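A closer look at the structure
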Amino acid sequence: MKEDKKTLYTLLVYSENVAGILNQVTAVFTRRQVNIESLNVSASSIPGVHKYTITAWSDEDQIQKIVRQIEKKIDVVKATYFTDEQLFIRESGLYKLATEKVLENPEISRTIRRFDGHIIEVNPTYTIVMKFGLTEDIISLFRALDAFGCVLQYTRSGRIAVTRGMQEQVSAFLEERENG
């Protein structure tokens, strides 16, 4: 049997702001044995509606089934999936570096600037660098800094994404629901 090539999909799920929805949504992935790569939950531009941005490697058939199951949840308003080309995507990365090593090696500061990172705090013990961008850019800066042996801690946020359209995907759906 030929295995389908996996694609990184981003799901945008909109729900009422009710406790327990996150657990119900992630359980759909667990039941289908699909690992969530990143998850970000925040308020959306619509009052009372929360937006879940979830990334997962899968094939399109499986991701369609996941979206349909998520939409069946009673407090879920709308769920859709996208490929990277259909979205404007950003993440942030935080890098805690040993200040002593940063001061000893000017190439570290040059590397931070070359990757468009921003030094946001410096004290005698550590230096904090922040970078916004695509996942690959965040990871690339980490690898470059790690090669200097100066990284004390590193983390990156989950993906945040908006569609390339003029409004939230769920806005038209909510308007239809209210008028229908």
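Above this note sits the structure.
Read on for a plain summary of the structure. (Residues numbered from 1 in each chain as written. Predicted model: local features only at pLDDT ≥ 70, side-chain atom pairs only at ≥ 80, totals over all residues. Heavy atoms only, no water.)

1. Digging into the overall build of the protein
A count of helical and extended segments in the protein gives 6 helices and 9 strands. Across the 180 residues of the protein, 42% fall into the buried class. Carbon together with sulfur atoms contributes 50% to the accessible area of the protein, which is approximately 10,600 Å² in total. (Helix = DSSP H or I, 4+ residues; strand = E, 2+ residues; numbered from the N terminus. Buried < 20%, exposed > 50% of the residue type's maximum accessible area, 1.4 Å probe, protein only. Areas by Shrake-Rupley, 256 points an atom, 1.4 Å probe, with all protein chains shown as cover.)

2. A closer look at the layout of surface pockets
Space left empty within the atom packing is revealed by a probe, the size of a water molecule, rolled over the atoms. Here the largest pocket defines a volume of roughly 170 Å³. Looking at the largest pocket, the residues that line it are L8, E37, S38, T55, W57, D84, E91, T135, E136, R156 and R159. Elements represented by at least two residues in the lining of the largest pocket include exactly β2 (36-43), β3 (49-58) and α5 (135-146). Here the lining of the largest pocket is built from residues that sort into 2 nonpolar, 3 polar and 6 charged. (1 Å grid on protein atoms, 1.4 Å probe; cavity = no way out; pocket = protein on both sides within 12 Å on 5 of 7 lines; lining within 4 Å. Points joined across faces, edges and corners; volume = space filled by probe spheres on them. Nonpolar A, V, L, I, M, F, W, Y, C, P; charged D, E, K, R; others polar.)

3. Some words on the side chain of S58
Along the polypeptide, S58 turns up in strand β3. Leave out the neighbours within four places in its chain, and S58 touches K5, K6, T7, Y9 and I63. (Contact = heavy atoms within 4.5 Å.)

4. Digging into the packing of aromatic side chains
Applying the stated criterion across every chain, the model contains 3 aromatic pairs. When the centroid spacing of 4.3 Å and the interplanar angle of 20° are considered together, the rings of F142 and Y154 count as stacked. Of this pair, F142 sits in helix α5 while Y154 sits in strand β8 (residues 151-156), and the two are 12 residues apart along the sequence. On the accessibility criterion, Y154 (27% relative accessible area) is partly exposed. In this structure an aromatic cluster arises from ring pairing among Y95, F142 and Y154. (Phe/Tyr/Trp six-rings, centres within 6.5 Å; stacked < 30°, edge-to-face > 60°.)

5. Topic: the sheet that holds β3
With antiparallel pairing, 4 strands are arranged side by side in an open sheet as β2-β3-β1-β4. Each of the sheet's edge strands pairs with one partner strand only, and the pair in question is β2 and β4 (76-82). Strand-to-strand twist in this sheet, taken as the mean axis angle between neighbours without regard to direction, amounts to 15°. Note: β2 against β3, 7 bridges, orientation antiparallel. Within β3, the position partnered with V41 by the bridge is Y52. (Pairing = 2+ DSSP bridges. Axes fitted to C-alpha atoms, helices over the stretch in contact; angles between N-to-C directions.)

6. Topic: a nonpolar patch on the surface
Side chains of L22, L39 and V41 sit close together on the surface and give an oily, nonpolar patch of about 200 Å² of accessible area. Looking at the element boundaries, L22 is found in helix α1 (residues 21-31). You can call L22 partly exposed: its relative accessible area is 35%. (Patch = residues over 30% accessible without salt bridge, like charges linked within 9 Å, V, L, I, M, F, W, Y side chains within 5 Å. Salt bridge = Lys/Arg side-chain N within 4 Å of Asp/Glu carboxyl O.)

7. As for the pattern of salt bridges
Following the criterion strictly, the structure yields 7 salt bridges and no others. In this structure, the salt-bridge partner of R114 is E107, at a minimum N-O distance of 3.6 Å. With a relative accessible area of 54%, R114 lands in the exposed category. Through salt bridges with shared partners, a single ionic network connects E107, R110 and R114.

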